[in-house]
Each structure stands twice: as C-alpha cells, then as structure tokens.
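Residues per chain, in single letters:
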Amino acid sequence: MKKSLRCKCHDVLISFVMFCCVTVAFALQTLAFTPSAPFDMTTEFGEVFYVAMTGDDENDGTDAFPLATVSAAIGKADAAIAGGAQSVMIHIADGSYPENGLVVTNAIVITGNQTDRTAVKIGVTGTCIFTVNHADAVLMNLTVKDGKILSKNDLGGNVHLNSGTVANCVLTGGGNTGLTDGKGGNLYISGGLVVNSLLTSPLSGPGIYGGNAYIAGGAVSCCIIEKTPKTSSWLAIGAGAYLTGGIIENCLIRDNIAGKGAVYLDGTSAKAINCTIVNNTPSTYGNQGGVGGVYVNKNGASVANCIIFGNGGTEKAEWSNQRGECFFNCVSTVENSSGENWTRLPFESKETYFQDDEFWMPLLSSPMIDGGSDLLYPGGCAGPGPAVLYPQQGG
C-alpha cells in the first residue's frame, strides 16, 4: 500500500497532538506530561490542594487537612489563581466522590491515582460531571461516571470539553436512555485533547448522536471507545463517535452496537485517521441503519489509514457503501472501488490478521499492518507505558 497521504495526515495529527502536549507542559511549568508517561508529582506548583473522603470542606486543603469535595477544591483553586498563583494542582485521594456540575475555568490540574485510574471515581446521576473551559486545564488519572444528558441542549454526559486536556481517564455510564437526540453519552468535545483514555458503556438513548463521544472539534487520540449498547428504539448514530469536526486518531473503536456507524462523519473537516474499527454490530430500525463500521455523510470528510473489519461483513455494514472516495489507504475484507489505495483482503478469521481479539493489534506479518494504528500502547492505548511502534510495510 502507498502511504503518501497517510504520512501527510499522520504528520499533521502528530504535530497537533505534540502541540497540545507542549502547551500543557508549558502551562504546568516543569511537569513531565506525555501520553505514554505517568504524571510527575514532583513538579513544583504555586498551590496544591488535597481532597480525601476523610476530609472536611472547612479545612485548608493541605495534605494533613484535606478537603472533602472536588467542588470545594476547585473553589479554592480559583481563589488562589485570582490571588496571583500561576499554577494550581488538586490531588484527589482514592475513593468515590458523588458530585456533578463541576466547572473548570482556570489553569487547574485535577489528578487522581497515577498507577490506577479507577481508584478515584467522580460522579453521580444528574447533570454533566465536568465542564472544562480553559486551555491549560487538565483532568487526569480519574474515573468520571454516571453523568446525564437531561435535555437536547445538554452536551456530554460525563465531560464537556471546550478546551484543555483529558488524559488517562475512564469515562463510563454517561448519557440518558430516555432522551431522544442527545449528544455525546460520555464525552462532548469542541476543542482541546482527549488522550490515552477509555470511553465505555454509555447510556444510549433513542437516536443519540455519538453514543460514546460527540466530536465537534479538537482531537481524540490513543483512546479505546467501546460498548455502546443497543437503543430501545431508533438508532445510535455514531455509536462510538459522531464527528462534525475535529479528529479521531489512533483509536480502537470496538464492540459497539451501531445503527449508522460506530464512527459517523458528518462534517467536511471531520477526520478519522489511523483507527482500528472492529467487531462492531450493525443494528437496524425499520429500513434504516445496518452500518456497523464507518458512515460518511458529508463529502470532504476523511477516513485515512484505518482498519475496518468484522462490523457486519458487507460493503454496507463495513463502510455504508457511499462516499467511497472519502476513504484513503484503508484496509478491509470488502471492496471499495472508489477508495484511494483501498486494500481488500480475503475474509479470514481474526487470528489470521490480529494478535488477539481484545486489543486487536495486527500481527507483524499481517497485511493489515499498513492500515490502522501504528502507535499502540501496552493494554491497547490504556497505558501508561512506552509506545509500541509497528513497522509499516509496503511501498
């Protein structure tokens, strides 16, 4: 397979992700932050506030006398920045914190357990758990759960990211089973970066746009997006991710039940690059739906260097059988005569092409090594850990 377009697109994406990471690192002074490395807690911050289940919101928020809630810590961090602090961290001790409606409007780093991102759980049924509105804000090492989309005007059940970074987090259980036309069960992103995170098991209402993630801008990179369930009626449109803009890159999109694509591209600037889109189940409602893999709804959108496999096994089920010219350097077991450098492989068992059916890493001998992600982390982007670079074959 030729890789000229793939390389151009990949270089643009890598530059964007590196820019975001450099921006975060600059904002946090000497903070060692990369998608493949744990958070460096030795960084010097102007202020550090601590939260623990044994704390009290009347405390000062020191390590010895922690606060009890994340909302109180954000309030103190905002006051510290208003008082001249250049950098503020909130460190949350292991435990469950039933909070929602948390809004981050300043350069605040909120972090949980560096070695276990499920040890700190934040969320309770109600409105969106976190809204992030600052380019230098960071959520990391957290599980954010159970936020709800309460109306069509609500965007994102667990995280609404307008700017900033979400890194090494789990977003789960967000959405609403009873709401029609919700947007982004676990995540709504219009700017910033979500990296090295797991988006899983949203609550998917009828006709939801982006069962797991609604991407209007920004980038979602090196994430696993999975397990959007079947809706009670109508269809999940973009069961894994729905894009009107922005980029989904180097992601594994698996095990979603999709009416119109596990990935749905509905914007002329929307891009899916270096993704592995596998084992998603097509669902139908009347004569609608039936696309488990990728659905491109707008000319100008791009699907480049992706593996599209095991999403129903027909041209319609794998890539919707429309706008084939929007696909570049992709590989599948079905045909796309309009796709540029599209490679059709014989339909074989997954063991022929992949190392396993959990993280779907291509065998080094597999012809699929030229499609899909060439940058995967141990645990399937679930990191942290050194990146594994798979050599690209072909000319």
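Residues numbered from 1 in each chain as written. Predicted model: local features only at pLDDT ≥ 70, side-chain atom pairs only at ≥ 80, totals over all residues. Heavy atoms only, no water.

**Description of the confidence of the model for the protein chain**
Turning to step 1, where the next piece is worked out: Averaged over all residues, the pLDDT of the protein chain equals 83, while 81% of them reach at least 70.
Turning to step 2, where the next piece is worked out: Note on residues 1-42: pLDDT is under 50 here. Beyond four places in sequence and across chains, it has 91 contacts.
Turning to step 3, where the next piece is worked out: Overall, residues 373-395 carries pLDDT values under 50, and its contacts beyond four positions in sequence, including any with other chains, amount to 80 contacts. (pLDDT = per-residue confidence, 0-100. Contact = heavy atoms within 4.5 Å.)

**Some details on empty space enclosed by the protein**
Turning to step 1, where the next piece is worked out: Considering all chains together, one arrives at 2 cavities of 30 Å³ or more under this definition.
Turning to step 2, where the next piece is worked out: Of the volumes computed, that of the second largest cavity is approximately 50 Å³.
Turning to step 3, where the next piece is worked out: Looking at the second largest cavity, the residues that line it are Pro 229, Lys 230, Thr 231, Trp 234, Leu 235, Ala 236, Ile 257, Ala 258, Gly 259 and Ser 283.
Turning to step 4, where the next piece is worked out: Its residues assigned to classes, the lining of the second largest cavity comprises 6 nonpolar, 3 polar and 1 charged. (1 Å grid on protein atoms, 1.4 Å probe; cavity = no way out; pocket = protein on both sides within 12 Å on 5 of 7 lines; lining within 4 Å. Points joined across faces, edges and corners; volume = space filled by probe spheres on them. Nonpolar A, V, L, I, M, F, W, Y, C, P; charged D, E, K, R; others polar.)

**What to know about the pairing of strand S1 (residues 47-51)**
Turning to step 1, where the next piece is worked out: For S1 and strand S2 (residues 88-92), the ladder comprises 5 bridges, and the chain directions are parallel. Across the sheet, Glu 47 pairs through a bridge with Val 88, a residue of S2.
Turning to step 2, where the next piece is worked out: Once the chain exits S1 it traverses helix H2 (residues 70-82) before rejoining the sheet at S2, and the crossover so formed is right-handed. (Pairing = 2+ DSSP bridges. Helix = DSSP H or I, 4+ residues; strand = E, 2+ residues; numbered from the N terminus. Right-handed = clockwise from strand over helix to strand, strands pointing away.)

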